[in-house]
Amino acid sequence: MATFQVAQPKCNACNKTVYLVDKLTADKRVFHKACFRCHHCNGTLKLSNYNSFEGVLYCRPHYDQLFKRTGSLDKSFEGTPKIVKPERQMDSESAAKLMNMFGGTREKCKCCGKIAYPIERVTVNRTIYHKSCFKCTHGGCTISPSNYIAHEGKLYCKHHHIQLFRVKGNYSQLEASDNEN
């Protein structure tokens, strides 16, 4: 009678044979249920409460403590394998392209002269303002690109512009300066 030997998988932690009744598979690796433990505290893990980083197993609290709260994947607990990644060298042309792409903007606000980053700026007629600087010169009213008037390089809300510059339905002060020229 011929007998077939089926190769039994080996535990990833202890390298001993894992039988079906004690088999646990996580991250495409086989463990004994008793060998499926946190690298830091050696606590027994379950499929519902473990995390893995670069093949090292952690319980959720230690994974969070190590990686999530710090936001870094470089830090490690003492004794935890730490994989050092080589720094990539970049030629100056590639670095310049990257800087231009992600270095932010150098465009300045017309009112205050400071850099206006994309998230905090308003652009009207190719002129850039901070949202906080884009307000009525006369009353400090909040204005928007749809309800402002630019007059002699200054911004006004429609209400104050009418109040200050419209006299009886015309712009008489402008006509007087045109006649002088």
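Rules of the game
Residues numbered from 1 in each chain as written. Predicted model: local features only at pLDDT ≥ 70, side-chain atom pairs only at ≥ 80, totals over all residues. Heavy atoms only, no water. Helix = DSSP H or I, 4+ residues; strand = E, 2+ residues; numbered from the N terminus. Core = buried A, V, L, I, M, F, W, Y, C linked by side-chain atoms within 4.5 Å. Buried < 20%, exposed > 50% of the residue type's maximum accessible area, 1.4 Å probe, protein only. Contact = heavy atoms within 4.5 Å.

**Student:** What should I look at first to understand unusual backbone geometry in this one?
**Tutor:** Glycine aside, a negative phi is what most residues show, and trans is what most peptide bonds show. The phi dihedral of Asp 27 is positive, around 55°, even though this residue is not glycine. The phi torsion at Arg 126 lies on the positive side, around 60°, for a residue other than glycine. Mapped onto the elements, Arg 126 comes out in the loop between β5 (121–124) and β6 (127–130).

**Student:** I tried to follow the nonpolar core on my own but got confused; where do I start?
**Tutor:** Generally speaking, soluble globular proteins have nonpolar side chains that are buried together. The biggest cluster of nonpolar side chains holds 18 residues, and the ones touching the most others in it are Phe 36, Leu 45 and Tyr 58. Where this core is concerned, the elements lending two or more residues are β1 (23–26), β2 (29–32), β3 (50–53), β4 (56–59) and α1 (60–68). At four residues, the largest contribution of residues to this core is made by β4. Discounting chain neighbours no more than four positions away, the residues touching Phe 36 are Leu 24, Ala 26, Phe 31, Gly 43, Thr 44, Leu 45, Lys 46, Leu 47, Tyr 50 and Leu 57. By size, the runner-up hydrophobic cluster in this structure holds 15 residues, among which are Cys 133, Ile 143, Leu 155 and Tyr 156.

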